[in-house]
Amino acid sequence: FFVCMSPSNVIGGPSISREGRGFWLLKTAPISARQILVGKLALAYLPYPLVGTLLVTLLVVLQRGGLLGFAVALGLVLVAGLGTSAIALGMGAAFPRFDWENPQQQNTLQAGCLAPVLYMSYVAFAAGLALGLPALGAALAPEWTGWLTALGWALLAVLTAGVVWAALAMGAARLEQVEV
């Protein structure tokens, strides 16, 4: 997961700022800010299905894990990856920097500080839902483990959908206010 998060954040975080002074071309195009962000989210999310699937497969084969372990690990990487990609993109869109001269100046202090705190909190909560609820069920009431597993994954899907929606809505609202 963390191997995929690095390139995803490099692509997603400063993706709006990367447009630089040419952002006015996107602003005048007949597409909404949300559509721009959805396209950029698709690009920022790519490391998870490409590299993440390869690495999860490799780890499961090396550890001689079963199909269930593979499905859980891959599902967690893909779902949590979507949430972290959206958070990084949303923070970058909420706090863009278009006046950079050096590519190392594309990130703003607000986006650079808030995004890691938010997506690490999200990842901890997501892992708690997907892995913690089944473990709690196995420890306290083994007959409820299946139901708690299903509940954990359903709550994770709802949480991720909410995070993606909120991040894109916040970034789109801020981009609509940008004057070029």
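These numbers come from a predicted model, not from an experiment.

Asks: Lay out the overall build of the protein chain in plain terms, naming residues and giving numbers.
Replies: Looking only at helices and strands, one finds 7 helices and 0 strands in the protein chain. When its helices and strands are written in sequence order, the protein chain yields α-α-α-α-α-α-α. Out of the 180 residues belonging to the protein chain, those deemed buried represent 39%. The contacts of the protein chain with a sequence gap of at least 6 include a subset with a gap of at least 24, amounting to 79%. Accessible surface computed for the protein chain: about 9,800 Å², of which carbon and sulfur atoms make up 73%.

Asks: Give me the nonpolar core: which residues, what numbers.
Replies: In summary, soluble globular proteins display a tendency toward joint burial of nonpolar side chains. Among the nonpolar cores identified, the biggest contains 22 residues, and Tyr48, Val56, Ile87, Tyr119, Tyr122 and Leu156 are the most heavily contacted of them. When residues of this core are assigned to their parent elements, the largest contribution, 8 residues, is made by helix H6 (residues 109–140). If near-sequence neighbours (up to four positions away) are discounted, tyrosine 48 is found in contact with Phe1, Cys4, Met5, Ser8, Thr53, Val77, Leu78, Gly81, Thr84 and Ser85. In terms of nonpolar packing, the next biggest core, distinct from the first, is built from 15 residues, Ile36, Leu41, Ala93 and Leu175 among them.

Asks: Can you lay out the packing of helix H5 (residues 67–94) against helix H7 (residues 145–177) for me, pointing to particular residues and giving the numbers?
Replies: At a minimum axis separation of 7 Å, H5 and H7 run at an interaxial angle of 20°. Of the possible angle classes, the one that applies to H5 and H7 is roughly parallel. In this structure, H5 meets H7 at a crossing whose hand is left-handed. Looking at side-chain class alone, the contact of H5 with H7 contains 18 nonpolar, 5 polar and 1 charged residues.

Asks: I'd love a proper account of the packing of aromatic side chains, names of residues and values included.
Replies: Inspection of the entire model under this criterion finds 1 aromatic pair. Aromatic pair tyrosine 45 and tyrosine 48: ring centres 5.9 Å apart, planes at 25°, arrangement stacked. The same class applies to tyrosine 45 as to tyrosine 48, namely buried.

Asks: Go over the environment of valine 51 with me, naming the residues and quoting the values.
Replies: Tracing the sequence through the fold places valine 51 in helix H4 (residues 47–62). It is 6.5 Å that separates the C-alpha atoms of valine 51 and cysteine 4, two residues lying 47 residues apart in sequence. Excluding its chain neighbours within four sequence positions, the residues that come into contact with valine 51 are Val3 and Cys4.

Asks: Give a detailed account of the confidence of the model for the protein chain, specifying residues and quantitative values.
Replies: Looking at the protein chain, the pLDDT average stands at 84 and 89% of residues meet or exceed 70. Within the protein chain, the lowest mean pLDDT, 69, falls on helix H2 (residues 23–28), and the highest, 92, falls on H4.

Asks: Run through the packing of helix H3 (residues 33–45) against H4, naming residues and quoting values.
Replies: Interhelical geometry of H3 versus H4 gives an angle of 15° and a closest axis separation of 6 Å. Put simply, H3 runs roughly parallel to H4. Facing H3, whose interface residues are Leu43, Ala44 and Tyr45, H4 presents Pro47, Tyr48 and Pro49. Along the lines of polarity and charge, the residues of the contact of H3 with H4 split into 6 nonpolar, no polar and no charged.

Asks: Go over a nonpolar patch on the surface, please, and point to the residues and values.
Replies: A surface patch of nonpolar side chains, amounting to about 720 Å² of accessible area, comprises Val3, Leu43, Leu46, Leu50, Val51, Leu55, Leu58 and Leu62. Considering each element in turn, the nonpolar patch owes the most residues, 5 residues, to H4. Relative to the helices and strands, leucine 55 is located in helix H4. Exposure remark for leucine 55: the relative accessible area of 31% places this residue in the partly exposed category.

Cut-offs and rules
- Residues numbered from 1 in each chain as written.
- Predicted model: local features only at pLDDT ≥ 70, side-chain atom pairs only at ≥ 80, totals over all residues.
- Heavy atoms only, no water.
- Helix = DSSP H or I, 4+ residues; strand = E, 2+ residues; numbered from the N terminus.
- Buried < 20%, exposed > 50% of the residue type's maximum accessible area, 1.4 Å probe, protein only.
- Contact = heavy atoms within 4.5 Å.
- Areas by Shrake-Rupley, 256 points an atom, 1.4 Å probe, with all protein chains shown as cover.
- Core = buried A, V, L, I, M, F, W, Y, C linked by side-chain atoms within 4.5 Å.
- Axes fitted to C-alpha atoms, helices over the stretch in contact; angles between N-to-C directions.
- Parallel < 35°, antiparallel > 145°, perpendicular 65-115°, else oblique.
- Left-handed = near helix turned anticlockwise from the far one by under 90°.
- Nonpolar A, V, L, I, M, F, W, Y, C, P; charged D, E, K, R; others polar.
- Phe/Tyr/Trp six-rings, centres within 6.5 Å; stacked < 30°, edge-to-face > 60°.
- pLDDT = per-residue confidence, 0-100.
- Patch = residues over 30% accessible without salt bridge, like charges linked within 9 Å, V, L, I, M, F, W, Y side chains within 5 Å.
- Salt bridge = Lys/Arg side-chain N within 4 Å of Asp/Glu carboxyl O.

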